[in-house]
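# Understanding the architecture of this molecule
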Amino acid sequence: MTRQEPDYANWINSDLVDAVAGGDVPRPQDDFHAAINHDWLSTAQMKPGEPSMSAFREQMEEVEQQVKRILADENPQSHVGKLVHRLYTALLDMDARNALGMAPVLGRLERLQRVSTLGELTAFLCDGGWRLTTSLHANEVFADKRDSLNNVVYLGPDSFSLVDANEYRERTAQGDRTKAANDAYQTALLKKVGFDEDAAAGLVEKAFAVESLIATACLGADAPGRDDFEEITYNPLTREELEELCITYPLPSLLDAMEVGSSRKFVLEEPDWLARMNEVYIPENLEGLKALLLVRMLMDAAPFLDQDCSELTEQWRAARLGSQGSRPLEKKAYDLTSALLGMEIGLLYTERYVTDGTVADVEHLIAQVIDTYRARLDETDWLSRETRDKAVEKLDAMTVRVARPKSWPPFEQLDFTDDADLLELTLAIRDFRHACRVEKVNREVDREEWLMSPQQVNAYYLPTDNSINILAGILGGVFYSPDAPIEERMGGIGMVIGHEITHAFDKSGSKYDKHGNLGESWWTDGDRAAFKERTDAVARYWDGIEVLPGKTMDGKLTSGENTADLGGLMCMAAIGHTIPGFDWAAFFAAYARNWRTVESPLLAEFLLTNDVHAPGHLRTNAAVQQLPEFHEAYGVRPGDGMYLPPEMRLKVW
C-alpha cells in the first residue's frame, strides 16, 4: 500500500505554532487537526523551562494544583503526609541547600577517586557504591514473561547519556547537540567539586569513551519496532549459567550485594551487552570506568544540591530539549517530589479527589467497550474461528483497574532521620524502593501492584497480567468529565480505554496469552500471518511521513500505538452507531483535542526517533481518515486534504 502523497501536504508541521499562528483557519476537510485545534495552537504557550504544551500537560498542571493544595498543609497528620511534606519542604529550602553546597556528595566522590585497581572498584560497587550512582547495569524484579505468576530478575544495560545507542554507532546532528549539552553540564559539575577545566574535560571524554564502548553493543531506540523484539530480549538463565557468562564483569557479586542474587532465574535482555561488559571491565579501562561512574554520580545528585547546580541542570535541559527559561523552584520541587514519592502522593491524592461515583462511571464505560470489542473480535472474518475464540477468551480474562490501587506499598517502613540532608532523604527513599524490590525475589507476582502512581496523567496495558489501567490523573481535562456529552466522553476517555484494550491485540501484546505469558499458543500460523499483513500495512502507511524538514516518521517504531489508536477509534465508532442521534462531528472533534500539542523543534526531532507514539497531528489526521464515519460527518470528498479512498483505508480490528 502506498500513500496518496498530495493529501499529506496540508498536514506537515500542522502541530507547530508558527504554522497556524495568525493564519487562516483551515477547513476540517483539509487539515482536521489544525482546524479543530486552531485557536488553541495559535495561543498555547510553553511554560518557562518546559519544551512542550499539550492536552496532557494541561491536565498535568491541573493535577499539580490539586497536589499542591495537599502539600500546603504544614501540619500533616498521617505518616505518608509527613514524608511528602518533609521532602517537598527540603527541596524548597534553598538556603539550607546552598549552605551545604557540594558537601553532601564530596565524601562519596572521594571514596570512588581513591580506587586504584579493578578489584578495588568491584569492592567499592559491592560495598554500597551501587547505592550512590546508577552503576553500570540495570536490574528490575518483575513478572516472568513466560511464567507470569512468578517474579524474575531482569538484567540489562543502564541508560546512556545520548539516550539512543544508535547515536554511538552513527552520530546525528541531534546526537551532536545532546553530547555538547552533556559535556558542558558534566564539565561544570566536575569544576564545582574541585577539578580544573582541563582535568574536568579529560574526565568527561574518558567517561564518554567507555560509555561508547558499551553502547555500541546495545539495542537502539528503534528496537521495539522489530517484530521479534519480545523474543530477543527474553534470555532466561540460571545463576550458574549467568556466572559462566560473566568472565570479567562481576555481575553476580553485584547482584548479591543488591540482595537479588538468589533469584531462581535471571532474564538477560541483551546478551551482546554482557559480552561487551566483559571486554570493557578490564584494568586498562579502570580510569574510564571511574570517570563514567563519577559523572553519573554527579548528574544524579545535582538536582538535590545547591542553587548553582539547580541552574546548571536547567541549562542542560534547555540545551537538550529546546525549552526557554527555567522552571521556578516550586515547580522543580514538585517535579522531584513526584518523581521520588509518586505512590505516596497518589495515596493522598486519591483519598481527596477520587470519588466512588467517578470510578463506577468509568468502569461502566469500560464494560461497554469490552462488550463492543467482544462482538467485533467475534466478527473478525480474516481470523479462523479457533483464534477468534481465543481472542475473546483473552478479552474476557482482562483485569480492569480504575483510578486507584486496592492495596498500597508498606509506606510505614519508610522513615527519615531528623538530621538527614536532602541527598540523604533521596537515598532513604531509594533504599526503601529497593527493599520492596528485594522482597519480590522468588515470590509470586502481586497482581494488585500498580506500576505507575495514580495521579499520573496516563493509562497503560500490562501484557504480563493482561490488564488495562486507567489512572486517576487522566480523569479530567479534555479526557473526562461526568457532565460532558456522551460524544465527548467517548472521544476522550472512551478512546483512551479502547486504545489500551487494543494493545492486548497489537503486534506485541498479541504475543501474550490470556494469563500474561509470552507465546504464540492462541494463534494459528495462518492467522498470525494475516495479522502481520495488517500491522505491516499500518507501519507502511505512517512510515516516511515528513514531520519536520527532512525528518520523517518511523512506521515500524510507532505501529503498535497507531494500531491501538485505530482500534480505539473503530470501537468507539461501533458504540456510536448504537446511540440515537449520535453527534459524529462532536465525537471526532473531541478525539482531535486529545492530541493538541506544541513543542520545541528539538523535542519534536528527539521524539521522532525515541517515542513509540506518532506526533499529535498524525494521531489525529492519519487515524480519523481511516473511518467512513469521519468522511461522512465532515463531508470529506476527493480532492480534499483529508480524503482517503475507501480501498486505502486501514483496519486491523
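Above this text sits the structure in question.
Figured I'd write up the structure that's included with this text.

Scoring rules and cut-offs
- Residues numbered from 1 in each chain as written.
- Predicted model: local features only at pLDDT ≥ 70, side-chain atom pairs only at ≥ 80, totals over all residues.
- Heavy atoms only, no water.
- Helix = DSSP H or I, 4+ residues; strand = E, 2+ residues; numbered from the N terminus.
- Rg over C-alpha atoms; globule rule 2.2 N^0.38 Å.
- Buried < 20%, exposed > 50% of the residue type's maximum accessible area, 1.4 Å probe, protein only.
- Contact = heavy atoms within 4.5 Å.
- Areas by Shrake-Rupley, 256 points an atom, 1.4 Å probe, with all protein chains shown as cover.
- Pairing = 2+ DSSP bridges.
- Axes fitted to C-alpha atoms, helices over the stretch in contact; angles between N-to-C directions.
- Polar contact = N/O pair within 3.5 Å; in protein donor to acceptor, adjacent residues only side chain to side chain.
- Parallel < 35°, antiparallel > 145°, perpendicular 65-115°, else oblique.
- Left-handed = near helix turned anticlockwise from the far one by under 90°.
- Nonpolar A, V, L, I, M, F, W, Y, C, P; charged D, E, K, R; others polar.

## Some details on the overall build of the chain
- Of the regular secondary structure elements, the chain holds 28 helices and eleven strands.
- The C-alpha radius of gyration computed for the chain amounts to 25 Å, which stays within 12% of the reference 26 Å derived for 653 residues, consistent with globular compactness.
- With the C-alpha coordinates aligned to their principal axes, the bounding extent of the chain is approximately 75 × 55 × 55 Å.
- The buried share of the chain, reckoned over its 653 residues, is 57%.
- For the chain, contacts bridging at least 24 residues in sequence account for 75% of all contacts bridging at least 6.
- Of the roughly 26,300 Å² that the chain leaves accessible, carbon and sulfur atoms contribute 50%.

## So, the sheet that holds strand β8 (residues 467-471)
- Strand order in the open sheet formed by three strands is β6-β8-β7, with mixed pairing between adjacent strands. Two strands bound the open sheet, and with one partner strand each, they are β6 (399-403) and β7 (459-462). The mean angle between the axes of side-by-side strands here comes to 10°, regardless of whether they run parallel or antiparallel.
- Pairing analysis gives four bridges linking β7 to β8, with the strands arranged antiparallel. Counted as the bridge partner of A459 is I470 from β8.
- Relative to β6, helix α19 (residues 356-378) is tilted by about 150°, and along the sheet it contacts β6 and β8.

## Remarks on the side chain of H499
- Along the chain, H499 turns up in helix α22 (residues 486-502).
- A polar contact of 3.0 Å, which involves the side chain of H499, links it to the side chain of H503.
- The residues contacting H499, other than those within four sequence positions of it, are E561, A564, D565, G568 and R619.

## Some words on the packing of helix α23 (residues 525-542) against helix α24 (residues 555-576)
- At a minimum axis separation of 8 Å, α23 and α24 run at an interaxial angle of 110°. Here α23 lies roughly perpendicular to α24, going by the angle between them. Pair α23 / α24 crosses with right-handed handedness. Of α24, the residues touching α23 (which contributes T535, V538, A539 and W542) are G555, K556, S559, N562, T563 and L566.
- A per-class count over the contact of α23 with α24 returns four nonpolar, five polar and one charged.

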